[in-house]
Structure formats: C-alpha cells, structure tokens
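Observations on chain architecture
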Amino acid sequence: MPAWNPNLRSKAAIRTSDTRYFVDPSIAAASLGIGPKDLMVDLKTFGFIFENLCVRDLRVYAESLGGDVYHYRDNLGLECDTVIHLRNGQYGLIEIKLGGDKLIEEGATNLLKLRDKIDTDKMSSPAFMMVLTATGNIAYQRKDNVYVVPVTCLKN
C-alpha cells in the first residue's frame, strides 16, 4: 500500500515507503501455525492480522467507488492506518483497532491530530474520520465527528 502525501501545515517529513499486506490474512496465520485460541492470547498478533483483513476489505470497497487506499506516517510518529482517496478529491482517514474504549480513543486522537495538520487552504478537510473496530453491533458518530464502525457494518 503506497504512502499518502497530503499538504500539511507543518514541515514534518512524510515516510514514503510502501506497506505490504497479504492478499488474504489467513496466509499470515497459516504461516505462523496459529489458530483462533492462539490469537486470543496474543492480541498484538491478532491486531496485525485484523488490520490486514480490514485493509483488504477497504481496498475492495474503495476500488468499487473508483478510489485508492493509502497509509500515512511521518517522522514525528503520527500514523494513519488507511486513507481512502477518491478521484473527486474527497478522502477519509481510518484507524483500525480491535476495539475497547482505550484503543478507540487512541485511534480517534490520532485522526484528529492528522486532521489538524492538514493545510485546508491547499486541500479539503477529510470527508470523514473513522475508527474501524472488530467489536460492536452498531456504528455511531462521536461528539468530535469521528465515526466508530465495526468491520461487520461495512458494505457498498
């Protein structure tokens, strides 16, 4: 997945190396020889595999809309797991988290920090900001306008 290069107010250097994902996240689990019980006791590994699953799904949905999926990382440590960018110039910022209030808050905080760095004199504000989670039955919008969406709610 290529790096996204927005117009920023700050002079932070943007990391431009690609991020690589498996076409199917089960390849990672199979190559590690792990199953569901192993992942439940190793949430860090589970998080990486879940992120891979979400990126795969987001790519499919973005492609159907004529869009592309990128990642963002700068030299100051600010990251955004995925940025969906459409041909009409609209884009959305997405953080992928397994779930839980603490992780959702971390994801939302990252999204808001990145939004505040974007130079809106040179490009539009994000059309949406979303924390994509593994848990929950419903999507909702927080007071800060960040959506919290379970991956099971995604559809065209």
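The sections below set out a description of the structure shown in this document. (Residues numbered from 1 in each chain as written. Predicted model: local features only at pLDDT ≥ 70, side-chain atom pairs only at ≥ 80, totals over all residues. Heavy atoms only, no water.)

Let's shift gears to the sheet that holds strand 6 (residues 146–150). Here we have 6 strands laid out as an open sheet, ordered 1-2-3-4-6-5, and mixed in their pairing. Two strands lie at the open edges of the sheet, namely strand 1 (67–73) and strand 5 (140–141), each paired on one side alone. (Pairing = 2+ DSSP bridges. Helix = DSSP H or I, 4+ residues; strand = E, 2+ residues; numbered from the N terminus.)

Taken across its 5 residues, strand 6 has 4 buried, putting it largely inside the fold. Where strand 4 (residues 128–133) meets strand 6, 5 bridges bridge the pair, whose relative direction is parallel. Its bridge partner being in strand 6, Thr133 is matched across the sheet by Pro150. Pairing geometry for strand 5 and strand 6, over 2 bridges, is antiparallel. Each bridged residue has a counterpart across the sheet, and for Gln141 the counterpart in strand 6 is Tyr147. Remark: 4 residues form the turn of the hairpin made by strand 5 and strand 6, two consecutive strands paired antiparallel; Asn145 in that turn has positive phi of roughly 70 degrees. (Buried < 20%, exposed > 50% of the residue type's maximum accessible area, 1.4 Å probe, protein only.)

Function-wise, these values are silent; they only describe arrangement.
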